[in-house]
Amino acid sequence: MDVFAAELLSLQMLFAVAIGAVAGAIRGITGFGAAMVMTPPLSLMLGPQVAVPVTLMLETFAAAPMLPAATRIAHWPVLLPISLAALVSVPFGTWVLATADPELLRRAIAVIVIVFSILLMRGVRYHGRQRLATSLGLGGISGTMLGATSIGGPPVILYLLAGPDPVHVSRANLTLYVVVSSAIGLGALVVRGVVDARVLTYAAAMAPLFMVGVVLGSQVFARLTDQRFRRFTTVFMLVVSVIVLVA
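What counts as what
- Residues numbered from 1 in each chain as written.
- Predicted model: local features only at pLDDT ≥ 70, side-chain atom pairs only at ≥ 80, totals over all residues.
- Heavy atoms only, no water.
- Patch = residues over 30% accessible without salt bridge, like charges linked within 9 Å, V, L, I, M, F, W, Y side chains within 5 Å.
- Areas by Shrake-Rupley, 256 points an atom, 1.4 Å probe, with all protein chains shown as cover.
- Salt bridge = Lys/Arg side-chain N within 4 Å of Asp/Glu carboxyl O.
- Helix = DSSP H or I, 4+ residues; strand = E, 2+ residues; numbered from the N terminus.
- pLDDT = per-residue confidence, 0-100.
- Axes fitted to C-alpha atoms, helices over the stretch in contact; angles between N-to-C directions.
- Parallel < 35°, antiparallel > 145°, perpendicular 65-115°, else oblique.
- Left-handed = near helix turned anticlockwise from the far one by under 90°.
- Contact = heavy atoms within 4.5 Å.
- Nonpolar A, V, L, I, M, F, W, Y, C, P; charged D, E, K, R; others polar.
- Expected span 1.5 Å × (residues − 1).
- Bend = angle between axes of the 7 residues up to and from the residue.
- Buried < 20%, exposed > 50% of the residue type's maximum accessible area, 1.4 Å probe, protein only.

## Here we look at a nonpolar patch on the surface
- Taken together, the side chains of Trp76, Leu80, Leu84, Leu87 and Val88 make up a nonpolar region of the molecular surface, amounting to roughly 500 Å² of accessible area.
- Within the element layout of this structure, Leu80 appears in helix H6 (residues 76–99).

Here it is, written out as structure tokens:
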């Protein structure tokens, strides 16, 4: 049995597939959140240099069922400058991923998710106007975070959820931003040579149930109140990240 066949049949792979299924459901409900569910435990099991590109690959390709509706609904004047700024800043984040100490980066990922979960639970939002300069600045910060950790959404999420758009439009904005920024980050990691056969093996194994989770989560979205969903998601992410941080 070769190395890849053994890995496909391993308990570690089984856990990774299960994590992907849960993350897909969270992504389907919210339009974001998959990276914050997947990356901390995958970093603990596989290391950040595998966990980050696997997460970006799933975020880019496996969320396709959500894209047609999101493209029609999204508020492009707000979304476009954020995405362009992320395009410029992602390469710096991928440099951090390629050169940073894996243990330090794993704990940094857990801390980012813990802080963001607490902010969401406390109802913190951006309270200024959605200006072009603000959108560009947040896109730059988000792109750097995404390239280094696969978790670039927190500053943009707090920003978009505070805007005047209704919930379904904010969800569409977040869905598209995550896909666009993840594709940019994945491309930068390919250029740096971080995407190898092991990354492709895990992504391929996790993709089917991740996609099933996205579809099921999208159906659940219509039935959950925003408050109930936010409480469940943030508590779940907080618990997972605390475990990863102290492990």
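## A short note on the confidence of the model for the protein chain
- Here the protein chain averages 81 in pLDDT, and 82% of its residues register 70 or above.
- Of all helices and strands in the protein chain, the one with the weakest mean pLDDT is helix H1 (residues 3–8) (66), whereas helix H4 (residues 48–61) scores best (90).

## Here's the deal with the packing of H6 against helix H10 (residues 167–192)
- Where H6 meets H10, the axes come as close as 9 Å, and the angle between the chain directions of the two elements is 30 degrees. As summarised for this structure, H6 and H10 are arranged roughly parallel, according to the angle between their axes. Judged by the sense of rotation from one axis to the other, the crossing of H6 with H10 is right-handed. Along the contact surface, H6 presents Trp76, Leu79, Ile82, Ser83, Ala86, Leu87, Val90, Pro91, Thr94, Trp95, Leu97 and Ala98, while H10 presents Asn173, Leu176, Tyr177, Val180, Ile184, Gly185, Ala188, Leu189 and Arg192.
- Of the residues contributing to the contact of H6 with H10, the split by class is 16 nonpolar, 4 polar and 1 charged.

## Section: H6
- The end-to-end C-alpha distance of H6 is 35 Å, a good match for the 34 Å that 24 residues give at a rise of 1.5 Å each.
- The sharpest bend along H6 comes to roughly 40 degrees, located at Ser89, with the proline Pro91 sitting one to four residues further on.
- Looking only at H6, the buried set comprises Val78, Leu79, Pro81, Ile82, Ser83, Ala85, Ala86, Ser89, Val90, Gly93, Thr94 and Leu97.

## Focus: the pattern of salt bridges
- Tallying each qualifying case throughout the model produces 2 salt bridges.
- For the salt bridge of Glu59 with Arg27, the shortest nitrogen-to-oxygen distance reads 2.2 Å. Of this pair, Glu59 sits in helix H4 while Arg27 sits in helix H2 (residues 11–30), placing them 32 residues apart in sequence.

## Notes on the environment of Ala148
- Positionally, Ala148 belongs in helix H8 (residues 132–149).
- Classification of Ala148 by relative accessible area gives buried; the value is 7%.
- Once the C-alpha coordinates of Ala148 and Pro48 are considered, the two residues, 100 residues apart in sequence, prove to be 8.9 Å apart.

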